[in-house]
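# Descriptive structure summary
Given next are the chains, with one letter for each unit.
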Amino acid sequence: MAVFACAGCGAELTAPVSRVALPVHAHQRNGDRFLPSLMEPGTYAVDPEPYGPPWRRWSDVGADVAAARGVYAPVDGLYFGAPGAILVAPGDTRGTIVIPERCDGCCGSAGGLGPNLACERCGAEVATRIDDCYRWQAVWFEAAAVRRLPVDGPFDGPAGREADGRECPGLPPVEPSGYWSLRWQAAVGIALAHVLAASAGAPVAVPGGLLAATFGRTLDTLLPSGPPARTLALAGPGLPVPDPAPDIVLVPRHPRTGAARQPPSGTAVPLDAEVWTYLAFPDDRARVPATGGLPTGVQRDDPLPPRPPSLFRPDRELLLRTLARLPEVRQPWLRALYEKAGGRPC
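Residues numbered from 1 in each chain as written. Predicted model: local features only at pLDDT ≥ 70, side-chain atom pairs only at ≥ 80, totals over all residues. Heavy atoms only, no water.

Bringing the overall build of the protein chain into the picture now. Within the protein chain one finds seven helices and 15 strands. Counted over contacts in the protein chain with a minimum sequence separation of 6, partners at least 24 positions apart contribute 64%. A total accessible area of about 16600 Å² is found for the protein chain, and carbon and sulfur atoms account for 53% of it. (Helix = DSSP H or I, 4+ residues; strand = E, 2+ residues; numbered from the N terminus. Contact = heavy atoms within 4.5 Å. Areas by Shrake-Rupley, 256 points an atom, 1.4 Å probe, with all protein chains shown as cover.)

In structure tokens:
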């Protein structure tokens, strides 16, 4: 546990929070609705990438400078703010005041003008609050503006944060609104970039069901047709060891540390733990009768399982963002896939 205090005057600026892995949807944008808090109450995460203005176009930066910053394919531009921003839920902030002239955006603050929160005690600029209509709500503290103060106490994050594998709660792929989960779209988009890199440009066979609905269509679109040369499967705690061993395996990303379990064989691709858990152990309890049971493969038709009005689409922006940050994208075949997926050509 820790609190973050103003680096200048020492005033406490957060409630006690526990560190978790950076959410896979931290950089997700969606323009059609308001989004809830990015971070769960009582947690914080650190973004290792540069964040905030100034923003510079690719044509002004150049390939060599971009590669030194971990971007290996053309993008619209790069942020040149300091790395290491600390993310917390807006409700976990303390002792800050808004800088009104820094609050851009149409329905809230989009964070494009730099820090918009100041320390209430000394007036130092300390953080940027994001709460516009197309962004996950969060407060991004400037790394140099705060200092971490350890506090006594055990990990106090949400239930399941200490867990790994099957003990971690599964996240349903369909939201109560009836639309595909934005977190699923983000998690699958990021994982797909790693699957494409591991494919070596060859077709990938994907098991049927939800895995095919979320991963298979994009892989079939981007990769060449023909007999599969690679296989994709789930692997991790609670699952039997696949036989024969797949070439590419989706493994759970620990929700607290961000570490990925290493499979006995195959190339490991980390996947958000709650998404992985639902894929590995679908929660069909709502469709099971109160007494007795149904034959294997049969689902109760009352209530019907939710059916989104459209096919699943991974978050294309996060897919491209992840691909651009993989060194493998410098290989001609993967660079061609990057551009085919919509990446910015030279």
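Bringing empty space enclosed by the protein into the picture now. Applying the stated criterion to the full structure yields two cavities of 30 Å³ or more. A volume near 40 Å³ is recorded for the largest cavity. Ala26, Gln28, Leu38, Ile130, Arg135, Trp136 and Trp140 are the residues that line the largest cavity. Its boundaries defined by the atoms lining it, the second largest cavity holds a volume of some 30 Å³. Around the second largest cavity sit Tyr51, Ala82, Pro83, Gly84, Ala85, Glu142 and Ala143, which together line it. Of the residues contributing to the lining of the second largest cavity, the split by class is five nonpolar, one polar and one charged. (1 Å grid on protein atoms, 1.4 Å probe; cavity = no way out; pocket = protein on both sides within 12 Å on 5 of 7 lines; lining within 4 Å. Points joined across faces, edges and corners; volume = space filled by probe spheres on them. Nonpolar A, V, L, I, M, F, W, Y, C, P; charged D, E, K, R; others polar.)

What follows concerns the pattern of salt bridges. One pass over the full model with this rule turns up eight salt bridges. One salt bridge in this structure joins Glu317 and Arg29, with 3.7 Å as the shortest N-O distance. Residue Glu317 is located in helix 6 (residues 316-324), and its partner Arg29 is located in the loop between strand 2 (18-19) and strand 3 (43-47); the two are separated by 288 residues in the primary sequence. Classification of Glu317 as partly exposed rests on a relative accessible area of 41%. Between Arg335 and Glu339 there is a salt bridge, and its shortest N-O distance comes to 3.0 Å. On the criterion of helical spacing, the pair formed by Arg335 and Glu339 is a turn pair, its members being four residues apart in helix 7 (residues 332-340). Relative accessible area serves as the criterion here: at 34%, Glu339 is assigned to the partly exposed category. (Salt bridge = Lys/Arg side-chain N within 4 Å of Asp/Glu carboxyl O. Buried < 20%, exposed > 50% of the residue type's maximum accessible area, 1.4 Å probe, protein only.)

Moving on, we come to the confidence of the model for the protein chain. A residue-level look at the protein chain finds 88% of positions with pLDDT of 70 or above and a mean pLDDT of 87. When the criterion is pLDDT under 50, residues 159-165 qualifies, and its contacts beyond four places in sequence or with other chains add up to 23 contacts. (pLDDT = per-residue confidence, 0-100.)

Burial along strand 6 (residues 85-88) is two-sided: Ala85 and Leu87 facing one way and Ile86 and Val88 facing the other are all buried. Of the strand pairs in this sheet, strand 3 and strand 6 are connected by four bridges, and their pairing is antiparallel. Its bridge partner lying in strand 6, Ala45 is registered against Leu87. Across three bridges, the pairing between strand 6 and strand 10 (residues 138-141) is antiparallel. Counted as the bridge partner of Leu87 is Trp140 from strand 10. (Pairing = 2+ DSSP bridges.)

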